[in-house]
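Observations on the model geometry
Residues per chain are reported as follows:
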Amino acid sequence: MGQPTDMPETPDTYVRQETSGAQPTRWQIAIHAAKALIALGLLSVCFSLIDTRGAIDQIASMDAGMFVAALACALLGTIIFPALIVRRALAINKLKISLPSLIAINLAVRFYVIALPRIVATAIRWSRYGGGRFSADAFALMAYERVVQFAVLFLLSFLALLMDAPLNADWRGPLLAVLATGSAMSLLMLAAFHMQSARTLLARLNQGLERLLPTFVSKKIARLVDAVAAFRGLTLSDIAIIAGNSAAAFIFFVLSAFLIAHAIGVEIGLLPLVWVRSAVFVITLLPVSIAGIGLREVSFIGFLSLYGISEVDALAFSLANFSVQLTIAAMGLVIEAARFANGRFFPAQNTEGKAGS
């Protein structure tokens, strides 16, 4: 009765519809079909213009030990250290999530990112963080996690490209400008979580919009502003640990790609991979494909050509990296299957305080 006391219920309905097999709407089918066509089109171009057999042979001859090492690094960089970052950020949050639960959430979302539209995977993370509720605190926590990730990614990529002497100067300048812009924007967004002036600005902006928005919407925004402002409670020690874990996550993320490259015989240094892997990661976030398929291959081929790496090697490198992601996604599928078998597919609502209320 009345308006909901937390964030909108729409994502919950959407997630349940997608994951329970309910009939999707026509626009959802059209969007998914369009993304699938784009992904297949980009892959078709790659496979028709490049010696696909050569790329597959390279992957088939991959050193198994190197692949396992790359997988371990990927798990550290995309699952374990991100969970440690969120766990530390929870020091000031109303949410109660254990480290094993955070690791399980990260693994499950890796599966959903590939199996479902990214917006659904994001909504599932939101719900899991909130203990079954789409709370303002859970949303702020997700936003903080992503902003920290991008700040570290852009900053370290900028530094790596700055030190990467072999890259052609014609490309280096524009790429440095893009990375510098990304770094500045990420740091500005991060400031919103740690500076009182940013919180005041957001609150005033919400007050100015109150006349234009329904009351329940402005109240939700106000709760979100408060949830963001709560991160000012992090101590310098907390921030240092979060920064250190973020840097470690990024290093293992890139190291995984470096090991894959050498496992299939692609000779490329670590510094180039710092910014190339980051650039491809950001590009695959664009909502124009399914799980970045097609975009990933075209991007790697384009960026690695700047270092004289052949299209066949670049395609093999891209597909080998994707195989690591598929392996992690398979782990997430096992976890979700176990949750479903135990009747815990959708988490019970968190009754320990009203997060975001």
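This text follows the structure it describes.
These remarks concern the structure in this document. Because the structure is a prediction, the values reported are computed rather than measured.

**Structural notes on the nonpolar core**
Grouped together as the largest cluster of nonpolar side chains are 50 residues, with contacts concentrated most on Ile260, Trp275, Leu304 and Phe317. Those elements that provide at least two residues to this core are helix 4 (64-89), helix 7 (136-163), helix 8 (169-194), helix 11 (236-263), helix 12 (270-283), helix 13 (295-304) and helix 14 (311-341). Among the elements that line this core, the one with the most residues is helix 11, at eight residues. Setting aside its immediate chain neighbours within four residues, Trp275 contacts Ser157, Leu161, Asp164, Leu167, Leu175, Leu179, Phe303, Leu306 and Tyr307. Membership of the second largest hydrophobic core comes to 40 residues, among which are Phe111, Ala138, Val147 and Leu234.

**Let's talk about the pattern of salt bridges**
Applying the stated criterion across every chain yields a total of four salt bridges. In this structure, the salt-bridge partner of Asp238 is Arg88, at a minimum N-O distance of 2.9 Å. Taken as a pair, Asp238 in helix 11 and Arg88 in helix 4 lie far apart in primary sequence, 150 residues in all. Residue Asp238 is classed as buried on the basis of its relative accessible area of 8%. A salt bridge links Arg339 to Glu336; the shortest N-O distance between them is 3.7 Å. Pair noted here: Arg339 and Glu336 are both in helix 14, with a separation of three residues, about one helical turn. Using a relative accessible area of 13% as the deciding quantity, one classes Arg339 as buried. According to the relative accessible area criterion, Glu336 is buried, its value standing at 3%. In this structure, a network of salt bridges that share partners links the residues Arg128, Glu336 and Arg339.

**Section: the environment of Ile260**
Assignment of secondary structure puts Ile260 in helix 11. Judged by its relative accessible area of 0%, Ile260 falls in the buried class. C-alpha separation for the pair Ile260 and Asp63, spaced 197 residues apart in sequence, amounts to 9.0 Å. Residues contacting Ile260, with those up to four places away along its chain left out, are Met62, Phe67, Ala70, Phe317, Ala320, Asn321 and Val324.

**Some thoughts on the environment of Val147**
By the secondary structure assignment, Val147 is in helix 7. Note: C-alpha distance between Val147 and Ser186 (39 residues apart in sequence) is 6.1 Å. Setting aside chain neighbours within four positions, we find Val147 in contact with Ser186, Met189, Leu190 and Phe193.

**Considering a nonpolar patch on the surface**
Together, Leu159, Leu162, Met163 and Leu271 make up a nonpolar patch on the protein surface, roughly 370 Å² of accessible area in all. When residues of the nonpolar patch are assigned to their parent elements, the largest contribution, three residues, is made by helix 7. When you line up the elements, Leu271 lands in helix 12.

**As for the environment of Leu175**
One can find Leu175 in helix 8. Sequence separation between Leu175 and Phe158 is 17 residues, and the spatial gap between their C-alpha atoms is 8.5 Å. Leaving out residues up to four positions away in the same chain, Leu175 has contacts with Leu161, Leu167 and Trp275.

**Considerations on the packing of helix 4 against helix 11**
Contact geometry of helix 4 with helix 11 gives a least axis separation of 8 Å together with a crossing angle of 165°. Judged by the inter-axis angle, helix 4 sits roughly antiparallel to helix 11. The chirality of how helix 4 crosses helix 11 is left-handed. Across the contact of helix 4 with helix 11, the residue classes tally to 22 nonpolar, six polar and two charged.

**Looking at the packing of aromatic side chains**
Scanning the model with the defined rule gives 13 aromatic pairs in all. Look at Trp275 and Tyr307: their rings are 6.4 Å apart centre to centre, the planes differ by 45°, and that puts the pair in the tilted class. Taken together, the residues span a long stretch of sequence, with Trp275 in helix 12 and Tyr307 in the loop between helix 13 and helix 14 at a distance of 32 residues. Note on Trp275: relative accessible area 2%, which makes it buried.

Procedures and definitions
- Residues numbered from 1 in each chain as written.
- Predicted model: local features only at pLDDT ≥ 70, side-chain atom pairs only at ≥ 80, totals over all residues.
- Heavy atoms only, no water.
- Core = buried A, V, L, I, M, F, W, Y, C linked by side-chain atoms within 4.5 Å.
- Buried < 20%, exposed > 50% of the residue type's maximum accessible area, 1.4 Å probe, protein only.
- Helix = DSSP H or I, 4+ residues; strand = E, 2+ residues; numbered from the N terminus.
- Contact = heavy atoms within 4.5 Å.
- Salt bridge = Lys/Arg side-chain N within 4 Å of Asp/Glu carboxyl O.
- Patch = residues over 30% accessible without salt bridge, like charges linked within 9 Å, V, L, I, M, F, W, Y side chains within 5 Å.
- Areas by Shrake-Rupley, 256 points an atom, 1.4 Å probe, with all protein chains shown as cover.
- Axes fitted to C-alpha atoms, helices over the stretch in contact; angles between N-to-C directions.
- Parallel < 35°, antiparallel > 145°, perpendicular 65-115°, else oblique.
- Left-handed = near helix turned anticlockwise from the far one by under 90°.
- Nonpolar A, V, L, I, M, F, W, Y, C, P; charged D, E, K, R; others polar.
- Phe/Tyr/Trp six-rings, centres within 6.5 Å; stacked < 30°, edge-to-face > 60°.

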